[in-house]
Amino acid sequence: MKYGFYTLDVFTDNAFGGNPLAVFPHAEGIDAAIMQRIARELNLSETVFVGVPSSENRFPVRIFTPACEIPFAGHPTVGTAYLLGELGLVDGTELVLEEGVGAIPVTLVPEKNTARFQVAMLPEIIPSHLSAADVAGLLQLVPEQVVRVPFIASCGLPFQMLELVDADAVDQAELNLAQWKSCFPDKALSDLYLYCHDGDGLIYSRMFSPAFNIPEDPATGSAAAALTGALAVEMTDNGVVTFCVEQGVRMGRPSQIRAQVDVKDGVTAALSIQGQSVLISEGRFLL
């Protein structure tokens, strides 16, 4: 069998920036075990397999890291929706991607190579077992560079949110893998999203995910969604808060993730993520 795929750079308007993604737009007939082996072979942070539409403009998708299947991720959602539009598989500009967390509505803005999605799961915030001292040790920083006690936030995929004092501290951070293994012996809740923000909507971030065989991710839309949802309710009780999240700069793959959070009565009522994509390559797997 021959299965066609495309690669894209997502959350960027420049080739070789953003986060690389592979998408198989006609993946019917590929079983889950082969999907996992393909994702490991491609060795990108995520690979997406699109099934037969369940109805017009409604596409079931499965998302795999090199290590396992995951229920939701931001740059696969943006990049897959953009590609389906580019291939003429979407009638109009509205579609739904059926992911593990549920149905995700997406709006395309073709003239800007942009896709915007509404999260299926609003942010859930829980305490972290990490201390500020743990964060300093994990990232090989001094305690004064850690701003607050960590917390966990999730829109379907949980992240340890580690706030640092400034962009220099974020760039300086180097993961101590031995301490990471000590802090997360079963690898649960072990993805690390380190960031700083200016209090006015600009966030600078990095993400480490050893458990998923991703030493560093250039753009993490699921983490950006969870973080901006958490920060927005600290900034206002009612209103719309917009964010620009910069990631991947230190890796040489600069990315921009745009978030809009609607806060009502002190809680997140709606949250959308948007970004641009660039189509990079086309190929076939010969199975």
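Quick caveat, the model's predicted, so the values are computed rather than measured. (Residues numbered from 1 in each chain as written. Predicted model: local features only at pLDDT ≥ 70, side-chain atom pairs only at ≥ 80, totals over all residues. Heavy atoms only, no water.)

**A look at the pattern of salt bridges**
Inspection of the entire model under this criterion finds seven salt bridges. We note a salt bridge from R148 to E163, for which the minimum N-O separation is 3.6 Å. Taken as a pair, R148 in the loop between α3 (132–139) and β10 (151–154) and E163 in strand β11 (residues 158–163) lie far apart in primary sequence, 15 residues in all. Residue classification places R148 among the partly exposed residues on the basis of a relative accessible area of 25%. With a relative accessible area of 9%, E163 lands in the buried category. (Salt bridge = Lys/Arg side-chain N within 4 Å of Asp/Glu carboxyl O. Helix = DSSP H or I, 4+ residues; strand = E, 2+ residues; numbered from the N terminus. Buried < 20%, exposed > 50% of the residue type's maximum accessible area, 1.4 Å probe, protein only.)

**Some details on α3**
For α3, the complete set of buried residues consists of V135, A136, L138 and L139. Down the axis of α3, the sector holding all buried residues measures 165 degrees, keeping them to one side. Residues of α3 that are buried make contact with β11, α5 (177–183), β12 (192–197) and β13 (202–209). Just beyond α3, the residue with positive phi is Q140, at close to 55 degrees. (Arc of directions from axis to C-beta. Contact = heavy atoms within 4.5 Å.)

**Focus: the pairing of strand β8 (residues 114–118)**
Within a regular strand, side chains alternate between the sheet's two faces. As paired strands, strand β7 (residues 102–109) and β8 are joined by four bridges and run antiparallel to one another. Note on β8: the bridge partner recorded for L108 is A115. Where β7 hands over to β8, the hairpin turn is made up of four residues, of which N113 adopts a positive phi near 55 degrees. Across five bridges, β8 lies against strand β17 (residues 267–286) in antiparallel orientation. Within the sheet, the bridge partner assigned to F117 lies in β17 and is I273. (Pairing = 2+ DSSP bridges.)

**A look at the state of the cysteines**
In this structure the tally under the stated criterion is zero disulfides. You can see C68 has no disulfide; the closest cysteine sulfur is in C155, sitting 18 Å from it. (Disulfide = S-S within 2.5 Å.)

**What to know about the pairing of β11**
Buried residues dominate β11, accounting for five of its six residues. By the bridge criterion, four bridges tie β10 to β11 in an arrangement that is antiparallel. Looking at the pairing, S154 lines up with P158 of β11. The turn joining β10 and β11, which pair antiparallel and follow one another in sequence, is formed by three residues; a positive phi near 125 degrees is taken by G156. Where β11 lies against β12, four bridges are found, and the strand directions are parallel. The partner of E163 across the bridge, within β12, is Y195.

**Some thoughts on the nonpolar core**
By size, the foremost hydrophobic cluster in this structure holds 58 residues, and its most contacted members are L95, M161 and Y193. Per-element accounting of this core gives the leading share, eight residues, to helix α6 (residues 221–235). One finds L139, L162, L164 and L192 within the second-largest nonpolar core, a separate group that totals 21 residues. (Core = buried A, V, L, I, M, F, W, Y, C linked by side-chain atoms within 4.5 Å.)

**Digging into the side chain of S128**
Summarising the element assignment, S128 is placed in the loop between β9 (124–127) and α3. Within the structure, the side chain of S128 is placed 3.0 Å from the backbone nitrogen of L130, a separation counted as a polar contact. Here the side chain of S128 touches Q160 through a polar contact of 2.6 Å, side chain to side chain. (Polar contact = N/O pair within 3.5 Å; in protein donor to acceptor, adjacent residues only side chain to side chain.)

**Quick notes on the packing of aromatic side chains**
As enumerated under the stated definition, the model contains eight aromatic pairs in all. Between F24 and F49, the aromatic rings sit 4.9 Å apart at their centres with planes inclined by 20 degrees, giving stacked as the arrangement. Taken together, the residues span a long stretch of sequence, with F24 in strand β2 (residues 19–24) and F49 in strand β3 (residues 47–50) at a distance of 25 residues. Summarising the burial analysis for this pair, F24 and F49 share the class buried. Among the aromatic side chains, those forming a connected cluster through ring pairs are F5, F24, F49, F64 and F285. (Phe/Tyr/Trp six-rings, centres within 6.5 Å; stacked < 30°, edge-to-face > 60°.)

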